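# Close look at the chain arrangement
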Amino acid sequence: MAGTLIRWIDGQAPAEISGGTTWGMPFSRGSVQGTAALAVTDAAGARLASQAWPLATWPDGSLKWAGIALPATGSPSDTYHVTADAGTATVAGRPPSDRPSVTVTESADALTVDTGALQMVIDRTGRSLFRSLSRNGEPIARDARLVSLLQDTVPEDAGTARRDAFTGEVTAVVLEQSGPVRAVVRLEGRHRQDGAGGNRRSWLPFVVRFYFHANARSVRMVHSFIWDGDAGRDFLAGLGVRFTLPLEAELHNRHIRIGGADGGFLAEAVRGLTGLRRDPGADVRGAQIAGRATPPAETWNPEVSSRLHLIPAWGDYTLSQLSADGFELRKRTAAGHGWVGISGGTRAAGFCSLSDTRGGLGVGIKGFWQSHPGQLDIRGAAGSEASLTAWLFSPEAQPMDLRFYHDGMGQETFEEQLEGLEITYEDYEPGFGNPAGIARTHELTLFAYEATPSTESLAADAVSASTPALLQASPEYLHSVGVFGDWAPVDRSTPARARLEDSLDFLFDFYAGQVEQRRWYGFWNYGDVMHTYDFDRHTWRYDVGGYAWDNSELSPDLWLWYSYLRSGRADIFRFAEAMTRHTGEVDVYHLGPWKGLGSRHNVQHWGCSAKQLRISTPAYRRFYYLTADERTGDLLTELVDSDQNFLGLDPVRKVRPDAATYRPNRGALGVGLGTDWGSLAATWLTDWERTGNPHSRDRLLGTMADIGALKYGFLTGEALYDLDKGRFDTGREQISVSHLSAVFGLVEICSELLDLVDDPEFERAWLQYCRLFLATKEEQVEAVGQPLEGVYLTQAHSRLTAYAAARLQDRDLAARAWESFTEGGEHLNHESAFTLRKIEPPFVLLPVDEAPTVSTNDTAQFGLAVIQNLALVGQYLG
């Protein structure tokens, strides 16, 4: 069998895959029973060593998603095919004995991982991430450590500040995968204060994963930490990863390589032999510039060889990237001596290496300048050992200041806070603008070199670290297997469809352009976008309460991921990936009383007092199946028991109509049937298909049945939830709808559930909601005895009508869906440059002083409405 075509997301194969590659792939229900049946062939039909593991299963137990890994290779194929043929599969996924493999050797105190090209020894506990890294047995680096600096005074008092040094202390090591093609090692720990005797403070819990593939000469490292300090007194002044490198060669055969902008490199030796008053010889100079070992010194011009001790040795180098628009390079001979400026530029590659004739280490940081302030340090390169530090937060930047941005302005009571909401759209509450519990993830690649590589090779390594190559199935295949609900590949077959596709392309290109134009970059910001534009000031409302950072409001995450699924565009994928990294880490709490909850949009990502499941919902993270990313899997696991959060924090506490009598307890928790249940359903569905957990399955199926049993189904608005039983009280009779209920993933999750689970009453309840939400008042009264109040976002909700039309095969409803969609433009400011009401391109990207006032949430919901209406009732498009 030919199998399914897999392609490189950027359109062509990279020159090399130094560290192997991993991707996620779905299969139609019932077609594949397990990963043992999967095999991979290249474009020529040759079968390759591969490894596959289950990511999710269908309700019938068949394989839904698999992670698939290939070894490192110097000649990747242009395309691959994945086949599901038990007759050609290897036993337990093991390649034949002549195929490359990665091996893991365990002892009581350490793990040793061998890819065939490099070897890493990882201690089970201690202050090192790894004890040693070798290339073909030759030591390259040792004693890798996490390092951090804590400043004890506010940044404005920096003149009196003290900075304490901390080192990451590993407390647990877990072997998550052991080969044969891919191995994954997870380390956990906390940063502990250096010195200070028995009173050493610990903070910043971290998780580090190392990824190894057979044949690999590089290792991927994913580092995540949780900020658990006191924002009023703890100011992080540096966070990095430090490696110790042994050096043996002569100083003139030790080479520094630091990536600058646009593929350029600083290429120098610790002791330079060029530009001297006396010439050592062209062959000597040429060898040093190329990074090769120079000829023996006795063959040089003696006027140089006899005076080597008089040529300065430059042991320390630094590149600092303190903003998205500028980096500085400098060097010095040693500590205690002045720095000499080298050059500067705009956006550095985030890559550096130190090597000599026996080998060396290169380190690349993904999203380096985008996640500024960052820094790369080499120290002691003129000694017997040097250090290379990849700073994820530069110690030369202003210390990290996470204090809340205002003093509360007297908003002590709910009534006062709701008044504030009326003017700045900020839902403030004392103590809730607290960052303790937010997280951040960085991805690094470590390269082990046999000798100093050519600058061309290093430039390729820098690109592979910053923009990893990725294999993916086509949009047509992803659509054919029925994952992620209602969507369809890009279709420009008619003028009307082409106009809509042009609109979608414009919207993505506009926001991608705004990220660059507005510099939506930085350590805590990269990946997010702003919520709403201020037409008077010609800037986004970065400083106005709830109008600033978007924090997933109305699902831009979903808009981007469905746009990628439809198009297969690499630029959309990377935009969506960055947003998922940000919203899943920074906008969600990972420890403390709000663990598992996210913060609504605000001037600061953690500033809003609305801590809700609608931001942390797995509906936004489930697309990790495309990459098999373990870190995102961690975030999903964190949410498994998120229904417990309703005991500690009522999401509608400030506006609850029954606030005088409502007392949350384990048997009677008020849970909204829109954003709340939609998030819980996404949680339970994702956990059920990932792990088979009967707890999650039963809560999902049970609450679906209960919604179907409610007299008014989803129109009930809120039901009482028994936390111990995981069921709703089906006796509640009320009608309450919200314009927000269906715009945080509920539509997408219900679409999947109706295809996965046979529950006629649940389907009836959902179709009732879809039919009536945008129905006429007369139709609503006829169906449920009263008109629905709180119906807004007409364009966004047109997809509800479209769903009912498609499910019921109702042409009149289909026509109404398109009518509601085109009439929905009243929710865009009338001064907007986006002529969405008539859907008439071409759209023109206006200059800064004429930018549109449309908000991100309008855009996201417009995009989702187009995508889902096309998939559901596209045939009725005029």
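Residues numbered from 1 in each chain as written. Predicted model: local features only at pLDDT ≥ 70, side-chain atom pairs only at ≥ 80, totals over all residues. Heavy atoms only, no water.

### Focus: the pairing of strand β33 (residues 669-672)
Here β33 shows no split at all, with Leu-669 and Val-671 on one side and Gly-670 and Gly-672 on the other all buried. Here 4 bridges tie β33 to strand β34 (residues 718-722), and the two strands are oriented antiparallel to one another. Pairing of Val-671 across the sheet is with Ala-719, part of β34. (Buried < 20%, exposed > 50% of the residue type's maximum accessible area, 1.4 Å probe, protein only. Helix = DSSP H or I, 4+ residues; strand = E, 2+ residues; numbered from the N terminus. Pairing = 2+ DSSP bridges.)

### What to know about the environment of Gln-786
On the secondary structure map, Gln-786 appears in the loop between α16 (777-784) and α17 (794-808). By relative accessible area, Gln-786 is classed as partly exposed at 35%. Along the backbone, Gln-786 and Ile-735 are 51 residues apart, and their C-alpha atoms lie at a distance of 8.6 Å. Other than its neighbours up to four places away in sequence, Gln-786 contacts Ile-735, Gln-780 and Val-781. (Contact = heavy atoms within 4.5 Å.)

### Digging into the pairing of strand β25 (residues 374-379)
Extensive coverage of β25 is indicated by the burial of 5 of its 6 residues. The sheet contact formed by strand β20 (residues 316-323) and β25 spans 5 bridges and is antiparallel. Counterpart to Leu-319 in the pairing with β25 is Leu-376. As judged from the 5 bridges shared by β25 and strand β26 (residues 385-393), these two strands associate in the antiparallel manner. The partner of Asp-377 across the bridge, within β26, is Thr-389. Where β25 hands over to β26, the hairpin turn is made up of 5 residues, of which Gly-380 adopts a positive phi near 75°.

### Here we look at the packing of helix α6 (residues 495-517) against helix α7 (residues 556-567)
Describing two packed helices takes the angle between their axes plus the distance from one axis to the other. Contact geometry for α6 and α7: axes closest at 12 Å, N-to-C directions at 125°. Judged by the angle between their axes, α6 and α7 are oblique. With respect to the hand of their crossing, α6 and α7 are arranged in left-handed fashion. For the pair α6 and α7, contact is made by Glu-501, Leu-504, Leu-507, Phe-508 and Tyr-511 and by Trp-559, Leu-560 and Arg-566, respectively. (Axes fitted to C-alpha atoms, helices over the stretch in contact; angles between N-to-C directions. Parallel < 35°, antiparallel > 145°, perpendicular 65-115°, else oblique. Left-handed = near helix turned anticlockwise from the far one by under 90°.)

### Overview of the confidence of the model for the protein
Caution is warranted with low-pLDDT regions, since their predicted coordinates should not be read in detail. When pLDDT is averaged along the protein, the result is 93; 94% of the residues meet or exceed 70. Counted against residues more than four places away or in other chains, residues 87-94, with its pLDDT under 50, gives 13 contacts. Under a pLDDT of 50 for its full length, residues 826-853 has, in the predicted model, 58 contacts with residues more than four places off or in other chains. (pLDDT = per-residue confidence, 0-100.)

### Some details on helix α12 (residues 675-691)
Between its first and last C-alpha, α12 extends 24 Å over 17 residues, near the 24 Å set by a 1.5 Å rise per residue. Burial within α12 is extensive, with 15 of its 17 residues counted as buried. Count one or two residues on from α12 and you reach Gly-692, which has phi positive near 75°. (Expected span 1.5 Å × (residues − 1).)

### Some points on the sheet that holds strand β6 (residues 63-70)
The 3 strands are arranged β2-β6-β5 in an open sheet whose pairing can be described as antiparallel. Edge positions in the sheet fall to β2 (21-26) and β5 (51-57), since each has one partner strand and no second. Adjacent strand axes in the sheet meet at a mean angle of 20°, parallel and antiparallel pairs treated alike. Summarising the sheet, β2 and β6 pair through 6 bridges and their orientation is antiparallel. Residue pairing for β6: Pro-26 is matched across the bridge by Trp-65. This element, α12, spans β5 and β6 of the sheet and lies at about 140° to β5.

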